[in-house]
Amino acid sequence: DAGLQLLAPACPALRAIVLTGCTRCGDGACKSLGHHTPCLERCELDLLQRITDVGVQAIVRGCRHLGDLRLGGCSRLSSISSSLISDHLRPHMRRLGLGGISNLNDVDLEDVGKLTSLTWLDLCACPKVSDAGIKQIGLLAARQCKLVAEWKAAHCGRSGSGEDDKLGGLDGTAGLCPPALTHLDLGGLTRLSDTGLLKLLSRTRHLASLDIRGCSRLTENGLTTALANCDVTGAHVAGILNAPSLSTLTLLSCEAATEQAVSFIITARPGLKTMR
């Protein structure tokens, strides 16, 4: 903290800082950054056990342009931090890392679900998060999809379905397209069920990367239904393919990811890259 108190005043134009693993940094460092670096856009504070809600408050109030915040493994944070992030950074927050925060719960994800510009979210190894919390992320994705579809209809005369689902496919105007969730890490969420995964993926049309490693509650049938639009026998399930833009799927240590289940998923998604 003493080091940051000396450095921060000399860096008023600082836009990014990575303090991951700097275990002697805590709320004092956050206060210095919040007070002296108003231009900060990216701040990585993973694994800093000394940071509390007080430090997060200093960061989000002082760095109002922050769009990338990593707090993974900051175990002393409470629901106050998620509320602060939602209240102060809603217009700008694109990438948020909350993995490994043991206190993070479903109510906190109601606040996360209000971050309308979110494109990247890490919730891995949060033991209190269940289907109820993941539902909030799905509802956020659904609202984003609606805004994207409306934007495409207004600017390109098309509905945003089929081949147009992938963001960035609009020639010359992709940068103006509203943001949508494209990366989601749910690794180690042992309370995530088949139903929760299915409902989530049915709402995430622009999701490109999904990590469900170690999600032990998922079943083989649930996995194929959500990702391959078929049951465990290969019989087709009514409806369209969920998360049509998915390009990367991580299934490490996922018991439901049997050879048969993965073969069905790959058949349904020929270009999908799987890690298992």
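Everything here concerns the structure above.
Everything numeric in this text was worked out from a predicted model, so none of it was measured.

## Observations regarding the overall build of the protein
Reasoning step 1: Broken down by element type, the protein carries nine helices and nine strands.
Reasoning step 2: The globule rule puts the C-alpha radius of gyration for 276 residues at 19 Å, and the 20 Å found for the protein is close to it.
Reasoning step 3: The principal-axis extents of the C-alpha atoms in the protein amount to approximately 65 × 45 × 30 Å.
Reasoning step 4: When the 276 residues of the protein are sorted by exposure, 49% land in the buried category.
Reasoning step 5: Of the roughly 12200 Å² that the protein leaves accessible, carbon and sulfur atoms contribute 54%.
Reasoning step 6: Mean positive and mean negative side-chain charge positions of the protein (29 and 26 charges, respectively) differ by 4 Å.

## Considering the packing of helix H7 (residues 194–201) against helix H8 (residues 220–228)
Reasoning step 1: For the pair H7 and H8, the least separation of the axes is 9 Å and the interaxial angle reads 5°. On the basis of their axis angle, the class for H7 and H8 is roughly parallel. Judged by residue contacts, Asp194, Leu197, Leu198 and Leu201 of H7 engage Gly222, Leu223, Thr225, Ala226 and Leu227 from H8.
Reasoning step 2: A breakdown of the residues in the contact of H7 with H8 according to their chemical character gives six nonpolar, two polar and one charged.

## Observations regarding the sheet that holds strand S8 (residues 248–250)
Across a sheet, paired strands are connected by hydrogen bonds in the backbone, their directions being either parallel or antiparallel.
Reasoning step 1: Ordered in space as S1-S2-S3-S4-S5-S6-S7-S8-S9, the nine strands form an open sheet in which the pairing is parallel. Two strands bound the open sheet, and with one partner strand each, they are strand S1 (16–18) and strand S9 (273–275). Each strand of the sheet is rotated relative to its neighbour by a mean of 5°, with strand direction disregarded.
Reasoning step 2: Summarising the sheet, strand S2 (residues 42–44) and strand S3 (residues 68–70) pair through three bridges and their orientation is parallel. Bridge pairing in S3 places Glu44 opposite Arg70.

## Section: the environment of Gln136
Reasoning step 1: Here Gln136 shows up in helix H6 (residues 131–156).
Reasoning step 2: It is 26 Å that separates the C-alpha atoms of Gln136 and Asp231, two residues lying 95 residues apart in sequence.
Reasoning step 3: Every residue in contact with Gln136, bar those within four places of it in the chain, is listed here: Leu109, Glu110 and Gly113.

## Thoughts on helix H2 (residues 27–36)
Reasoning step 1: Within H2, seven of the ten residues are buried, which leaves it mostly tucked inside the rest of the structure.
Reasoning step 2: Taken residue by residue, H2 has Asp27, Gly28, Ala29, Cys30, Ser32, Leu33 and Gly34 as its buried positions.
Reasoning step 3: Where the residues of H2 are buried, they touch helix H1 (2–7), S1, S2 and helix H3 (53–62).

## Things to note about the packing of aromatic side chains
Reasoning step 1: On inspection of all chains with the given rule, the structure shows zero aromatic pairs.
Reasoning step 2: A cation over an aromatic ring shows up here: Arg70 above the ring of Trp120, its NZ or CZ 4.4 Å from the ring centre.

## Re the environment of Gly100
Reasoning step 1: Position of Gly100 among the secondary structure elements: in the loop between strand S4 (95–97) and helix H5 (106–112).
Reasoning step 2: Expressed as a C-alpha distance, the spacing of Gly100 and Glu44, which sit 56 residues apart in the sequence, is 14 Å.

## Digging into the nonpolar core
Reasoning step 1: The biggest cluster of nonpolar side chains holds 68 residues, and the ones touching the most others in it are Leu71, Ile85, Leu96, Leu186, Leu210, Ile212 and Leu223.
Reasoning step 2: Going through the elements one at a time, H2, H3, helix H4 (79–89), H5, H6, H7, H8 and helix H9 (259–268) are the ones with two or more residues in this core.
Reasoning step 3: Those residues in contact with Leu186, other than ones at most four positions away along the chain, are Leu123, Cys124, Ile134, Leu192, Leu200, Leu210, Asp211, Ile212 and Cys215.

## Let's talk about empty space enclosed by the protein
Reasoning step 1: On inspection of all chains with the given rule, the structure shows one cavity of 30 Å³ or more.
Reasoning step 2: Approximately 70 Å³ is the volume found for the largest cavity.
Reasoning step 3: In this structure, the largest cavity is lined by Leu71, Leu77, Ser78, Ser79, Ser81, Ser82, Ile85, Leu98, Ile101, Leu104 and Asp108.
Reasoning step 4: For the lining of the largest cavity, the element with the most residues is H4, which contributes four residues.
Reasoning step 5: Looking at the lining of the largest cavity, its residues break down into six nonpolar, four polar and one charged.

Conventions and cut-offs
Residues numbered from 1 in each chain as written. Predicted model: local features only at pLDDT ≥ 70, side-chain atom pairs only at ≥ 80, totals over all residues. Heavy atoms only, no water. Helix = DSSP H or I, 4+ residues; strand = E, 2+ residues; numbered from the N terminus. Rg over C-alpha atoms; globule rule 2.2 N^0.38 Å. Buried < 20%, exposed > 50% of the residue type's maximum accessible area, 1.4 Å probe, protein only. Areas by Shrake-Rupley, 256 points an atom, 1.4 Å probe, with all protein chains shown as cover. Lys, Arg positive; Asp, Glu negative; His and termini not counted. Charge placed at Lys NZ, Arg CZ, Asp CG, Glu CD. Axes fitted to C-alpha atoms, helices over the stretch in contact; angles between N-to-C directions. Parallel < 35°, antiparallel > 145°, perpendicular 65-115°, else oblique. Contact = heavy atoms within 4.5 Å. Nonpolar A, V, L, I, M, F, W, Y, C, P; charged D, E, K, R; others polar. Pairing = 2+ DSSP bridges. Phe/Tyr/Trp six-rings, centres within 6.5 Å; stacked < 30°, edge-to-face > 60°. Lys NZ or Arg CZ within 6 Å of the ring centre and 35° of its normal. Core = buried A, V, L, I, M, F, W, Y, C linked by side-chain atoms within 4.5 Å. 1 Å grid on protein atoms, 1.4 Å probe; cavity = no way out; pocket = protein on both sides within 12 Å on 5 of 7 lines; lining within 4 Å. Points joined across faces, edges and corners; volume = space filled by probe spheres on them.

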